[in-house]
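The chain contents come next:
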Amino acid sequence: MRIATSFPYETAHEDVRVPLPDGTLLYARVWRPLTQEPVPAILEYLPDRLSDRTAPRDRQRHPWYAGHGYASVRVDVRGHGNSGGVPGDAHSATEIADGVEVVHWLAAQPWCDGRVGMFGIAGGGFDSLRIAALAPEPLKAVVTVCATDDRYDNDAHYTGGSVLAVGMHAWAATMLASACLPPDPLHLGDAWREMWLTRLEAVAPFLHTWLDHQTRDDYWRHGSVREGHGTIGAAVLAVGGWHDPYRDTVLRLVENLPADRVRGIVGPWSHQYPDRGLPPGPAIGFLQETLRWWDQHLKGVDTGVMREPLLRAYVSDSHPPATVHDTLPGRWVGEPAWPSPHVTTVAYGLQGAPVLVRSPQHTGVDAGRFVPSGNDADLPPDQREEDARSACFEFAVGEETWVLGRPRVRLRVTSEVSRGQVVARLCDVAPDGSSTLVTRGVLNLSARHGPDRAVPWEPGATQELAFELNGAGHAFPPGHRIRLAVSSAYWPWVWPQPGSQAGFTLEPAGSFLELPVRAREADSDIAFEEPEQSGPLGVDRAVAADGWSPATLDEPRPERLVVRDVAKGEWRLEVDPRYGGTRVYPDGLECAEDVLETYTIDEKDPLSARIRSDWSVRLHRPELAWDATVRTRSEITCDGTDFVTSDEVVCTDGGEVVFHRTWEKRIPRTAG
């Protein structure tokens, strides 16, 4: 990583309030070049608290853009951080409408020339797309990273019509804890406490809404730009990674947006900006690449970025299974269109007699993290144990085979029960027998006619199922085997259906694996600069001044720990997502976070599935005698007819409990 110390412009920054039509003030931080001429503005808009949580990341990016001639602006959404108002549902219509107002406010500032761009990762990238779909006139360009265009089937909620247990619960618990965090008195003075208590009264578990909508109904359609890519008028640079769950959005955007205003990049990365150097790499000069996009579409400078291939994608070499890879060897390829003329679908027919697929319910414990973020236990380990719990079909690799895009399966299935799910994994099997996961896909049997309706299976019926796996860029070498592993369970990614322990019968005759095989031609013209950022903020990852920490441990907790109770047949996965730990900021703020997620299931009983997430956050300013804590507990269990949810929030100010609330709710299992 190269740290930039000199820029074309000197810069300054200030904190301001952006007024909304209803009088609410949004908290913003603006970095500007020191020039008398107005310049374009670039906006990052999200709920993740610019004064602490994203402050280190913001410091690496926004001053860099300002130093290259842009007003770079970070804004907290309504009800979060130091912004006014109360929190609402994720990416709500109000949040998006507020974002449109911020775009217009920026364009009207005397230091802005009227042209605005937006960028962001995850929720910030998604809000950028949603706002672009409303086409505010000043918004000319967007850079969206690891974001989704489909909140139902390519987000943290559902996959193939099944409840995405690990994603939905973890994200709902994260958002509940985050929505309860207080404003900072350093920036708001004595008003912080009343604002906090008002917020807390408005908080409710996000999970209730998400589980109330178990098919792709109007709630999801209205929140997804996939329903209308054509409404996006801004030029979009879409960036993703093959180890990020939202990578397929890049493929859909380059397929559906006009070629004169979209480009896509998919690297080997996890859910991170691709210049951070977190595994897996290689990292690229992401800021320099986005500067080409901004200069082209906000300043009218021909940077050559629109002469790049429509899609630049990384095809990784085969690699042994491991939970972390610093760098994945491979090569870049350029696609002039998508679907690409360089990619051909090759069908592999499954062979053998009909097979009963009856996977134990803990199949999936080696799935890896749903949202890998560069940690040591993120990626799936050797898949041999998972393969042993699945029905496997193999195909010898005679000559090197490059796969680029979304594989697809067509399976003839007979089920004796009305509910269940099918999981397909594509693995690269080396001569030594090790099995590396390449990609996977899921189909809820009730969603076989589409995600917008749930149609129970007629017991005893045989039907052909077809569904896509997530996108991949992978090279299978000669002497390896392509393995398709099919299972009837995948916990904790997929919440198991009642009765699914019966499994299903798979008939190989008439069943196929379809691979998008790419011509073996790398593009030597594709190159990126070395990663570069502005100087770090200087956050100290140490204990707080008074020695407080959210948990007392003799040594760090494992990131992912699998515990098996042999006598009970129970499997428990404990996850420490490593979100924050203890941090001390240069302005004196001390922040300590501790999170533990627990996923438990009996290997024979799908109704035994249960999840619990515990959060503890402390915000402390010794010089102001400010000491606020938020503790939350979120749980989901089930029976044959309902999901059962339980949530609790306890907030203290200086040791005094100022808010304590619990929610208990039963939600009918209409599809999930």
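Relevant structure appears above.
In this text, all values refer to a predicted model and were calculated from it rather than measured experimentally.

> Which parts of the structure should I look at to understand the overall build of the protein?
Scanning the protein from terminus to terminus reveals 11 helices and 33 strands. Computed over C-alpha atoms, the radius of gyration of the protein comes to 25 Å, within 12% of the 26 Å expected from 2.2 N^0.38 for 672 residues, which places it in the range of a compact globule. Projected onto the principal axes, the alpha-carbon positions of the protein cover approximately 75 × 60 × 45 Å. Considering the protein as a whole, with its 672 residues, one finds that 61% of them fall into the buried category. Contacts in the protein between residues far apart in sequence, at least 24 positions, make up 75% of those at least 6 positions apart. By element, 49% of the accessible surface of the protein is carried by carbon and sulfur atoms, the whole surface being about 23900 Å². Between the mean site of the 66 positive side-chain charges and the mean site of the 94 negative ones, the protein shows a separation of 3 Å.

> Would you take a moment to explain the sheet that holds strand E20 (residues 435–444) for this structure?
To summarise the sheet geometry, strands pair through backbone hydrogen bonds and adopt either a parallel or an antiparallel arrangement. Here four strands make up an open sheet; going across it, the order is E16-E23-E19-E20 and the pairing antiparallel. Both outer strands of the open sheet, strand E16 (391–396) and E20, are each paired with one neighbouring strand and no more. Averaged over all pairs of adjacent strands, the angle between strand axes in this sheet comes to 15°, irrespective of strand direction. Pairing geometry for strand E19 (residues 421–429) and strand E23 (residues 481–487), over seven bridges, is antiparallel.

> I keep staring at the environment of Gly535 and nothing clicks. Help me out?
Along the chain, Gly535 falls in the loop between strand E25 (532–533) and strand E26 (560–565). For the pair Gly535 and Arg59, spaced 476 residues apart in sequence, the C-alpha separation works out to 7.1 Å. Once residues within four sequence positions are removed from consideration, Gly535 is found in contact with Ile3, Ala4 and Arg59.

> Please clarify how the pairing of strand E6 (residues 112–121) should be interpreted in this entry.
Side-chain direction in a regular strand flips from residue to residue, so the side chains alternate between the two faces of the sheet. The buried fraction of E6 amounts to seven of the 10 residues, a majority that puts the element mostly inside the structure. Alignment of strand E4 (residues 39–46) against E6, held across four bridges, turns out to be parallel. Following the sheet pairing, Ile42 is matched in E6 by Gly117. When E6 meets strand E7 (residues 139–145), the two strands line up parallel, connected through six bridges. Considered in E7, the bridge of Ile121 is made with Val145. This β-α-β element, E6 to helix H3 (residues 123–133) to E7, shows right-handed connectivity.

> What is the right way to read the packing of aromatic side chains from this model?
Geometrically, a pair of aromatic rings is defined through the distance of the ring centres and the angle of the planes. Counting across every chain of the model gives 21 aromatic pairs. Measuring from ring centre to ring centre gives 5.1 Å for Tyr348 and Phe395, while their planes differ by 55°; the resulting arrangement is tilted. Of this pair, Tyr348 sits in strand E14 (residues 343–349) while Phe395 sits in strand E16; the two residues are 47 residues apart in sequence, bridging distant segments of the chain. Residue Phe395 is classed as buried on the basis of its relative accessible area of 11%. With a centroid separation of 6.0 Å and an interplanar angle of 65°, the aromatic rings of Tyr490 and Trp493 are classed as edge-to-face. Comparing Tyr490 with Trp493 shows no difference in burial state: the two are buried. The ring of Tyr273 has Arg61 lying over it, and the distance from NZ or CZ to the ring centre is 4.1 Å. Stacked on the ring of Phe643, the Lys or Arg Arg669 has its end atom at 4.7 Å from the ring centre.

> Teacher, can you tell me more about H3 here?
Most of H3 is tucked away: 10 of the 11 residues are buried. What H3 keeps buried is the set Gly124, Gly125, Phe126, Asp127, Ser128, Leu129, Arg130, Ile131, Ala132 and Ala133. Taken together, the buried residues of H3 touch E4, helix H2 (93–107), E6, E7, strand E10 (235–241) and helix H9 (248–256). With its phi angle positive at about 55°, Ala135 sits one or two positions after the end of H3.

> Honestly, the side chain of Asp184 in this entry has me stumped. Any pointers?
By the element assignment, Asp184 lies in the loop between helix H4 (165–179) and helix H5 (185–188). Polar contacts involving the side chain of Asp184 include one to the main-chain amide nitrogen of Leu186, which spans 2.9 Å. Those residues within four positions of Asp184 in sequence are excluded, and the remaining contacts are Asn82, Trp192, Leu589, Arg621 and Trp626.

The rules behind each value
Residues numbered from 1 in each chain as written. Predicted model: local features only at pLDDT ≥ 70, side-chain atom pairs only at ≥ 80, totals over all residues. Heavy atoms only, no water. Helix = DSSP H or I, 4+ residues; strand = E, 2+ residues; numbered from the N terminus. Rg over C-alpha atoms; globule rule 2.2 N^0.38 Å. Buried < 20%, exposed > 50% of the residue type's maximum accessible area, 1.4 Å probe, protein only. Contact = heavy atoms within 4.5 Å. Areas by Shrake-Rupley, 256 points an atom, 1.4 Å probe, with all protein chains shown as cover. Lys, Arg positive; Asp, Glu negative; His and termini not counted. Charge placed at Lys NZ, Arg CZ, Asp CG, Glu CD. Pairing = 2+ DSSP bridges. Axes fitted to C-alpha atoms, helices over the stretch in contact; angles between N-to-C directions. Right-handed = clockwise from strand over helix to strand, strands pointing away. Phe/Tyr/Trp six-rings, centres within 6.5 Å; stacked < 30°, edge-to-face > 60°. Lys NZ or Arg CZ within 6 Å of the ring centre and 35° of its normal. Polar contact = N/O pair within 3.5 Å; in protein donor to acceptor, adjacent residues only side chain to side chain.

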